[in-house]
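Commentary on secondary and tertiary structure
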Amino acid sequence: MLRDSEMLVAAAQKLKDYEIKSTPQRQVILAYLMKSKTHPSIETIYKYLKKNDFNVSLATVYNTLQLFEQKKLVIEVAVDKTGHMRYDYFDNPHYHMICVNCGKIEDVFDDAYRQFEKTAALDTGYKVFGSQYEVLGLCPACQRKEDKISNRN
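Residues numbered from 1 in each chain as written. Predicted model: local features only at pLDDT ≥ 70, side-chain atom pairs only at ≥ 80, totals over all residues. Heavy atoms only, no water.

**A look at the overall build of the protein**
Defined as follows: A run of DSSP states H or I qualifies as a helix once it reaches four residues; a run of E qualifies as a strand once it reaches two. Both are numbered from the N-terminal end. When a residue's accessible area, from a 1.4 Å probe over protein chains only, is under 20% of the maximum for its type it is buried; when over 50% it is exposed; and in between it is partly exposed. Between two residues, a contact is recorded if the distance between any of their heavy atoms is within 4.5 Å. Accessible surface area values rest on a Shrake-Rupley calculation with a 1.4 Å probe, where residue burial reflects the displayed protein chains alone.
When helices and strands are counted, the protein shows six helices and five strands. Listing every helix and strand of the protein by position from the N terminus yields α-α-α-α-β-β-β-β-α-β-α. If one aligns the C-alpha atoms of the protein with their principal axes, the spans along those axes are about 55 × 45 × 25 Å. Looking at the protein as a whole, 33% of its 153 residues qualify as buried. If you take every contact in the protein between residues at least 6 apart in sequence, the share linking residues at least 24 apart comes to 47%. When the accessible surface of the protein is split by element, carbon and sulfur atoms take 51% of a total near 9,800 Å².

Okay, here's the thing in structure tokens:
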């Protein structure tokens, strides 16, 4: 996936668009985030890169994600069960469904939640730069597990 030249070119262009100096490490980290649907942690990204023979340190992954977050290219989504923050490439605004049991995170692409920003700005006079919206619940797989347990009792 990360040796795909088209994806690396797209990542390099995105870095340029966000006025971030393009380095091979930043390109490959961003390319991974652009392709990932799992909302990975820093550790997950690092392990994936090392497994695929990319020479990058854990500190580089951490610092790169901090830079991407400052530039609003990625967002922090939620802390997983091991206490690690999860990240999401945020090119196309969306909100998240998060399972409180297993930690699964799903993207929901529906701009209706953006109306909350407009309402908040009108009600308070704030200039809104963005927002994050997360819906907590129980995913279908965890619901099935819960149903099986309750049916046994």
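Following the structure, the description resumes.
**Regarding the environment of Val135**
For Val135, the location among the structural elements is in strand β5 (residues 134-137). Among residues more than four places away in sequence, those in contact with Val135 are Tyr95, His96, Met97 and Ile98.

**Observations concerning the sheet that holds strand β3 (residues 95-99)**
This is how it is decided: Should DSSP find at least two bridges between two strands, the strands are regarded as paired. Axes, fitted as lines to C-alpha atoms, cover a helix only where it is in contact. Angles between the N-to-C directions of the axes lie from 0 to 180 degrees.
One open sheet accounts for three strands, arranged β4-β3-β5; its pairing is mixed. This sheet does not close on itself; its edge strands, each paired only once, are β4 (105-108) and β5. The mean angle between the axes of side-by-side strands here comes to 25°, regardless of whether they run parallel or antiparallel. Two strands pair when backbone bridges link them, and β3 and β5 are joined in this way by four bridges, in the parallel orientation.

**Re the nonpolar core**
One broad trend across soluble globular proteins is that nonpolar side chains are buried collectively. The condition that has to hold: Grouping buried Ala, Val, Leu, Ile, Met, Phe, Trp, Tyr and Cys residues that are joined through side-chain atoms within 4.5 Å yields what is termed a nonpolar core.
One finds Ile29, Leu33, Leu65 and Phe68 to be the most contacted residues of the largest nonpolar core, which totals 24 residues. For this core, the element with the most residues is helix α2 (residues 24-35), which contributes seven residues. Discounting chain neighbours no more than four positions away, the residues touching Leu33 are Pro40, Ile45, Leu65, Phe68, Val74, Tyr87 and Tyr89. Counting residues in hydrophobic clusters, the runner-up holds eight residues, among them Ile75, Phe90, Ile98 and Tyr113.

**A few points about the pairing of β4**
For β3 and β4, the ladder comprises four bridges, and the chain directions are antiparallel. Residue pairing in the sheet places His96 in a bridge with Asp107 of β4. The hairpin turn running from β3 into β4, its antiparallel successor, is five residues long, and Gly103 in that turn takes a positive phi close to 85°.

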